[in-house]
Every structure is written in C-alpha cells, then in structure tokens.
Amino acid sequence: MTDEFFLVSVKLEDIPNHGTIEFVCNSWVYNFRSYKKNRIFFVNDTYLPSATPAPLLKYRKEELEVLRGDGTGKRKDFDRIYDYDVYNDLGNPDGGDPRPILGGSSIYPYPRRVRTGRERTRTDPNSEKPGEVYVPRDENFGHLKSSDFLTYGIKSLSHDVIPLFKSAIFQLRVTSSEFESFEDVRSLYEGGIKLPTDILSQISPLPALKEIFRTDGENVLQFPPPHVAKVSKSGWMTDEEFAREVIAGVNPNVIRRLQEFPPKSTLDPTLYGDQTSTITKEQLEINMGGVTVEEALSTQRLFILDYQDAFIPYLTRINSLPTAKAYATRTILFLKDDGTLKPLAIELSKPHPDGDNLGPESIVVLPATEGVDSTIWLLAKAHVIVNDSGYHQLVSHWLNTHAVMEPFAIATNRHLSVLHPIYKLLYPHYRDTININGLARQSLINADGIIEKSFLPGKYSIEMSSSVYKNWVFTDQALPADLVKRGLAIEDPSAPHGLRLVIEDYPYAVDGLEIWDAIKTWVHEYVSLYYPTDAAVQQDTELQAWWKEAVEKGHGDLKEKPWWPKMQTTEDLIQSCSIIVWTASALHAAVNFGQYPYGGLILNRPTLARRFIPAEGTPEYDEMVKNPQKAYLRTITPKFETLIDLSVIEILSRHASDEIYLGERETPNWTTDKKALEAFKRFGSKLTGIEGKINARNSDPSLRNRTGPVQLPYTLLHRSSEEGLTFKGIPNSISI
C-alpha cells in the first residue's frame, strides 16, 4: 500500500442538470492524516473572483490559504506550500566553504526562491544547511515524468560520475590530464576516451547516463558529436563563425550597437580607475575597407560585445584562484556589405597589479591569418568566448530565465486560484521550474558545484550574477524593448513588428520577433475575454494581490524601481503576462538548447582561461610559435573540466519524451471556455506557420548568418522538436 498516489482526473457522470462533470486534478494525494484541511479540487470552469458562484467562494479562499501556509516550520514531502526565501543554501559554512547570502540586501540583491525551512548552520545562523531541497509536491512529478530521468542524470553526474572522472584522470594516470592536440579533443566523440574497466563499470549502469555516454565494450566512453563540428571540423576557427555565433549562437542577446567611441565604462572610477577602452580608430580602420569609424558609427555598422564591466570587479579574485588567468574583454565588430559581421579588434584587460583603483592593464589584438600573430588572435578570441560562456551560463541562462521566473511561479500559486483566468494562462509556463531550480541549488550553482568547477568565475559565479541583477529590468525582457535598448532595432511603425532591425540577418531577432508577436497576440485575445476594461483589472482582488507580492516579495530587492508595471490597465496585464510567457518559453529555449550543439566542442566554446597571452621571450611564447595547438589547449578548459562541462550541457540540451511545446497543453480540457480554446488554436496554427518561415530562411543562401561556415542552420526558435538532442524546440516552460 503506497502512502501517495497521483490523481490525474475525476469524472462524474449522470449528474442532474449537468450531465458529465470532469475535474482535471494532476496532483499528488496523501493519506488524509497528512493534511490539516481536506483536499479541494475544482471543475475546469473559469471565474474572476467577483463572478465566482457563492457556494465556491469559501473553498476558493481556503485553497489559497493552504497553498500560502503560515511561513513557519520545515517543509515536509507532502506539503503543498509556496513561500519565499533568499538564496542562503548555496554555501557550506560548517565545511569551511561559505558563500554570500543572495537576496535581502542592497549588496547582494536576488530574486527569491521557494522556502524550505531547513536547519541553520552552526557557523552562520543565517544560512541553511545544504542537502535535499523542498519542492511543493505537485511541482515534483516523480517517476511519472521522463524529464526526471534527465534531472537524476545531473544528480548522478554530481555525486557519482565526477569523482570517477577525477580518479581516472588524476589518480590512475590512465590518460593525460591535458589535451595534446585538436584531434585529441575530437576523439571525445569520434573515438572516445579510454577508461579502466572498474571505472567504466561504475559509470555504465547508472540508468540516467546511458543516453548521455556511449560505450563500445572496449572501456571507451564516448560523447555524441556536437552539431557545430558535424559538417566542418575547422569552421569554428574562422572569424565569420566567431562573429556569427554572437547573433545566432547560444548567447545572442548581449551584443550592442556601438554608439560612441571609444567605448566607456559604467564602473565607479574611484574603485576601478579609468576603464575607457584603449582601442584606437586607426586600429579599427585597418580592416574596414576604407570606411572611417565616424562613417561606420553614423551608418550603424559598428557593434560591441562588452564584458569589461561584468568581469573587472571580480578579476583580481578570480585570477587568485589556482589556475585562472583571465581577462575582461571588449570585441568590436563591423557589419559588412554582405550582412555578416567581422571582428575588428579585441581588447584584453586585467586589473592593475598595484590595485583595482589604478585602472586596467590592457592590450589590443587585431585579426591575423599567418604566423604567431594568427595564434595570438585565436587565443584572444578564446578569451572572449570564456567571458561569453561564463556570462551566458550565469546571467543569460540562469539569472535571466530560471531565477527571475521562480518568484512569479510562487506568487501565482499563492494568490491566483485555479479558477482564475490568469492562472490558467500562466500555469503551463511554470511546469518543472521550481523543481529544476531546486536541483540547481543542490548540484549546479552550489559551492563547489558543477558550474563553479567548470566555468571561469569559479566560487564567485553566483555572486557575480547578483551584481548583474542590480540592473535587471522586467519590462526590458520583452524582445522588442531588449532590441531597442541594445541599439539593434529602431522603432518604425511601417516595418514588420514595428521595428527595423539594424542587422537585417539577425537570426535570433528575426525568428524571435515572430514568436513574440504570436505570444502577445494570443495573450491579448485571451485577456480581452475576461477584462473588457481597465477597471476590471483594478477590481480583481486576486490579480492585484498576485502582482503586488510578485514585485514586493518575489523581486523585493528591486521593488522600488519605477519601471514595474502598475497593473492598473489591460495593457499592463497583457504586457506583463507576455513577458512571463516569452521568458519561460522562447527566451529560455534560445539560450539553453544550443549549449551542447555549440559548446560540445570545447575548442569552440571554452569555459576556462588558464594563461594570459604569452609575452615574447618567455617559454610559453616559444611554445606558441612551435606548437600553436598546444598553446591554445594549455590556455582553455583542460580535460577533467571539459568532461564535467560536456556531461552537464549534454543533459541540459536534451528534450524529454513528455515535453510540452509552446502552443500545446497537457490536456485539451484545460478550460471550458470555447472562445479561449479557439484563440489558443489560432496561436498554435500561427506557431506552425512560423516554423515554415524559419525553415525557408535557413534554406536562403543570401542569409549567410543562418548557417555560417559550420553549416548549422539556426533552429533554436523552431517551436516543435523530437525527443533528445535536436538543436530546436520551444517548451512551454523552463523544465531543464
């Protein structure tokens, strides 16, 4: 006899005056002794609070009170309580490995996570002991969900596989701890890495990892070939591919249009000195085909990938870590006549050895195709990508999708009844997010977790994302606002979507704007069914409580910011819901499911930097002249950390067999409102049409940024996908 069961639905037939009534439940049910109040399930009708039938009002209120809890005690497995807490469980103070508490302060602001209520550590009474995290029971579908197969893979990787990798590489010395050539790197998926029988026998039986690693019966562990290297082995080395991935890679939303020269910094000069760029006009104009910097600025042809301000405040500490030797980077790119981007210069900066306040020590590296200068240029690009990889994982991916969405999921469950139309709109876009975020706090972003082990910022990783959160703006998460803010689009009512793209062949923006408009249209049609006037929004008590708490508690450290929508108009509601749906679905898909396809080749997306550019007259410089590949490999991620990185991003880049994609629902009976169902059907049809347009663009040879030298079509915003590692598919929610 089990103490729990999963109730999918209940159907009552032959009810007088009603016929058949169906309850869609999708909830875990425990023995009644586990509950202080009886479980309540509602039929799938939709009611605003003011229009709720009188007999249901008591139950509607009571159910929300249960979900809010009383804010005390340690959460138990069977609890269904949604409450807030700060990130005070990432470190291990009692083990001598503390981390700052994120959230609840102006120094380390952060979105809130679900409260667990675990015991506090002896060393720091404000920190919780690490261990199993609480996830409200209905957020954790357990053995019913195949996506749990993948999340268990992360746990197995963290607890079982990484120690075995370390044993194999560092203790048994069965393989060099360094890659010796590019061919050696490619052997990870072309031939495999040989491991001792006892090591392999411990890895192979782990069920969640059988799909991740392949074995051939000869003690060889093999990764799947990454998409970026399937057609061309060396395309990643070209300047065109390096630049293309800035707008069509896994981190396509950081590039900005350069609007002033030289580029300046927003860092406090009393703390960090003068961080103004040292790149000169003369250096840029060497490769601009006769165009001057002034002309290029006025014609909107210069762009920058700027990681100076994100990394400089942390570099002194990062570079004090055992093997880290990293720069903060600025890369300036030029829009060519054929629509592709061309890197013109890379600035590499590190803090002054006598103090951060003295400003940076910087070098500028220019493109080169021959001799030692071409190796230095390749190394400079690697340092840019190391910055990009860290920023992508910590900010573009974790902070800007996973972390910022959790407060909205908590507030929705606490204040919007399952009968509420906005609950029915948003609920599918929270599926598994609290679950996967809890897992991340256990194994990925925790002290000495997978991210700290294999990405540049190391132990300062999540602290660094807190610094970026200070400047996060909810309304700028809307794709049109984001593009305008970065200078990549100009508002133009006559243009498609009301925007004129500065880079016309910008795959992420072109595809994304179509998805954004489809989402906004669907949300507008749906919201209009229930809120004909602004007064209807203002008078909805549940809606107002939801938004107030999402802002003031969920994102409490930013609650005073003037940009928050006031939730007084239908446009406030439509825009806010559209941003939530976009962030959970398309934005997350764009920055997540390309991780292994691009980063599975560590040469293309290194995550660590271990050497500065060698100075002439040093042994490292001589090695660079004699063996460029070895110099490159000694600079980037070494073998052990590569195995960790590839293993985790391979899991994160997969779709589960039960994935539910944008424009789909888990059940066709998600509402009884026929007009809502018709609008949703139109949404799905529009998304199907967008898929066809994406395929057509990818087949257009004039759009060179769609596939690039590596011949990898941009499909990350292609709505549907098969199971597995596909480089496409937009799930409804952040479920991995």
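Since the structure is predicted, the reported quantities are computational estimates derived from the model, not experimental observations. (Residues numbered from 1 in each chain as written. Predicted model: local features only at pLDDT ≥ 70, side-chain atom pairs only at ≥ 80, totals over all residues. Heavy atoms only, no water.)

Chemist: Is there a simple way to think about the overall build of the chain in this case?
Modeler: Within the chain one finds 24 helices and 14 strands. Counting over 736 residues, the chain shows a buried share of 61%. For the chain, the proportion of contacts with a sequence separation of at least 24, taken over those separated by at least 6, is 73%. Roughly 28500 Å² of accessible area belongs to the chain as shown, and the carbon and sulfur atoms make up 51% of that amount. Side-chain charges in the chain split into 81 positive and 97 negative, and the spacing between the mean points of these groups amounts to 3 Å. (Helix = DSSP H or I, 4+ residues; strand = E, 2+ residues; numbered from the N terminus. Buried < 20%, exposed > 50% of the residue type's maximum accessible area, 1.4 Å probe, protein only. Contact = heavy atoms within 4.5 Å. Areas by Shrake-Rupley, 256 points an atom, 1.4 Å probe, with all protein chains shown as cover. Lys, Arg positive; Asp, Glu negative; His and termini not counted. Charge placed at Lys NZ, Arg CZ, Asp CG, Glu CD.)

Chemist: I tried to follow the sheet that holds strand β8 (residues 256-257) on my own but got confused; where do I start?
Modeler: The strand order β8-β9-β10-β11-β12 describes an open sheet built from 5 strands, whose pairing is antiparallel. Single-partner strands in this sheet number two, and they are β8 and β12 (360-365). As defined by bridge partners, strand β10 (residues 328-335) adjoins strand β11 (residues 341-351) across 8 bridges and the pair is classed as antiparallel. Bridge pairing in β11 links Leu335 to Leu341. Docked against the sheet, helix α5 (residues 239-248) engages β9 (302-306), β10 and β11, running at close to 80 degrees with respect to β11. This element, helix α9 (residues 308-318), spans β9, β10, β11 and β12 of the sheet and lies at about 25 degrees to β11. (Pairing = 2+ DSSP bridges. Axes fitted to C-alpha atoms, helices over the stretch in contact; angles between N-to-C directions.)

Chemist: Is there a simple way to explain the nonpolar core in this structure?
Modeler: Generally speaking, nonpolar side chains in soluble globular proteins are found buried as a group. Membership of the largest hydrophobic core comes to 195 residues, with the highest contact counts inside it found for Phe311, Ile422, Leu483, Tyr531, Trp546 and Leu573. In terms of residues, this core owes the most to one element, helix α10 (residues 371-415), which gives 21 residues. Three or more residues apiece are contributed to this core by two domains, here domain 2 (143-229) and domain 3 (254-390 + 603-636). Residues contacting Trp546, with those up to four places away along its chain left out, are Phe408, Ala411, Thr412, His415, Leu416, Ile422, Leu426, Met567, Leu573 and Ile580. Core analysis: the second largest hydrophobic core is formed by 14 residues, Val291, Phe334, Leu344 and Ala345 among them. (Core = buried A, V, L, I, M, F, W, Y, C linked by side-chain atoms within 4.5 Å. Domains from an automatic or database assignment.)

Chemist: When you look at the layout of surface pockets in this model, what are you seeing that I'm missing?
Modeler: Empty space among the atoms becomes apparent when a probe as large as a water molecule is rolled across them. Within this model, the largest pocket holds a volume of roughly 1500 Å³. Around the largest pocket, the lining is made up of 48 residues, and of these Arg256, Asp309, Tyr391, Val468 and Asn471 lie nearest the centre. Only β8, α6 (269-272), β9, α9, α10, α14 (461-469), α15 (479-485) and α19 (570-592) provide two or more residues apiece to the lining of the largest pocket. Per-element accounting of the lining of the largest pocket gives the leading share, 6 residues, to α14. (1 Å grid on protein atoms, 1.4 Å probe; cavity = no way out; pocket = protein on both sides within 12 Å on 5 of 7 lines; lining within 4 Å. Points joined across faces, edges and corners; volume = space filled by probe spheres on them.)

Chemist: Help me out: how do you make sense of unusual backbone geometry in this one?
Modeler: As a rule of thumb, non-glycine residues mostly have phi less than zero, and peptide bonds are mostly trans rather than cis. Note the cis peptide between Phe261 and Pro262, where omega equals 0 degrees. Structurally, the position occupied by Pro262 is in the loop between β8 and α6.

Chemist: Mind showing me how you'd approach empty space enclosed by the protein here?
Modeler: Evaluation of the coordinates by the stated rule reveals 10 cavities of 30 Å³ or more. Here the largest cavity defines a volume of roughly 710 Å³. The wall of the largest cavity is formed by 33 residues, among which Val24, Cys25, Val418, Tyr423 and Tyr427 lie closest to the centre. Elements that contribute at least two residues to the lining of the largest cavity include exactly β2 (19-30), α1 (54-68) and α11 (421-426). Here the element with the most residues in the lining of the largest cavity is β2; it accounts for 4 residues. Residues of the lining of the largest cavity, tallied by class, amount to 16 nonpolar, 6 polar and 11 charged. Put simply, the second largest cavity is a space of about 150 Å³. Elements with a contribution of two residues or more to the lining of the second largest cavity: α10 and α12 (433-443). Top element by residues in the lining of the second largest cavity is α10. It accounts for 5 residues. (Nonpolar A, V, L, I, M, F, W, Y, C, P; charged D, E, K, R; others polar.)

Chemist: Sorry if this is basic, but what is going on with the environment of Phe680 here?
Modeler: Along the chain, Phe680 falls in helix α24 (residues 674-698). Taking the relative accessible area as the measure of exposure, Phe680 reaches 11% and is therefore buried. Apart from the residues lying within four places of it in its own chain, the contact partners of Phe680 are Trp522, Gly663, Glu664, Arg665 and Trp670.

Chemist: Help me out: how do you make sense of the pattern of salt bridges in this one?
Modeler: Should their charged atoms come close, side chains of opposite charge can pair. Summed over the entire model, instances satisfying the criterion amount to 52 salt bridges. Between Arg414 and Asp83 there is a salt bridge, and its shortest N-O distance comes to 3.6 Å. In this pair, Arg414 sits in helix α10 while Asp83 sits in the loop between α1 and β3 (84-85), placing the two residues 331 residues apart along the sequence. Judged on exposure class, the residue Arg414 and its partner Asp83 are both buried. Here Arg317 makes a salt bridge to Glu463, at a shortest N to O gap of 3.1 Å. Taken as a pair, Arg317 in helix α9 and Glu463 in helix α14 lie far apart in primary sequence, 146 residues in all. Judged by its relative accessible area of 32%, Arg317 falls in the partly exposed class. Each member of the salt-bridge network shares a partner with another, and the members are Asp85, Asp89, Arg113, Arg118, Glu128 and Arg441. (Salt bridge = Lys/Arg side-chain N within 4 Å of Asp/Glu carboxyl O.)

Chemist: Help me out: how do you make sense of the domain arrangement of the chain in this one?
Modeler: Where the parts come together, the accessible area they lose is often given as the size of the interface. Each domain of the chain was delimited in the assignment, giving domain 1 (1-41), domain 2 (143-229) and domain 3 (254-390 + 603-636). The interface of domain 2 with domain 3 comprises 7 residues on the first partner and 8 residues on the second. On the domain 2 side of the contact with domain 3, Glu178, Glu180 and Phe182 bury the most area, a combined 66% of that side's loss. For the pair domain 2 and domain 3, the number of links is 3 salt bridges. One salt bridge connects Arg634 with Glu178, and the closest N-O pair in it is separated by 3.7 Å. On inspection of domain 2 and its partner domain 3, the count reaches 4 residue pairs in polar contact (both at pLDDT 80 or more). Of the residues that constitute the side of domain 2 that touches domain 3, the class distribution is 4 nonpolar, 1 polar and 2 charged. (Buried area = accessible area lost by both parts, 1.4 Å probe. Polar contact = N/O pair within 3.5 Å; in protein donor to acceptor, adjacent residues only side chain to side chain.)

Chemist: Help me understand the pairing of strand β1 (residues 4-15), please; the structure alone is not making it clear to me.
Modeler: Each regular strand displays side chains that alternate between the two surfaces of the sheet. With 9 bridges joining them, β1 and β2 adopt antiparallel strand pairing. Its bridge partner being in β2, Lys11 is matched across the sheet by Glu22. Where β1 folds back onto β2 in an antiparallel hairpin, the turn is made up of 3 residues, including Asn17, whose phi is positive at roughly 70 degrees.

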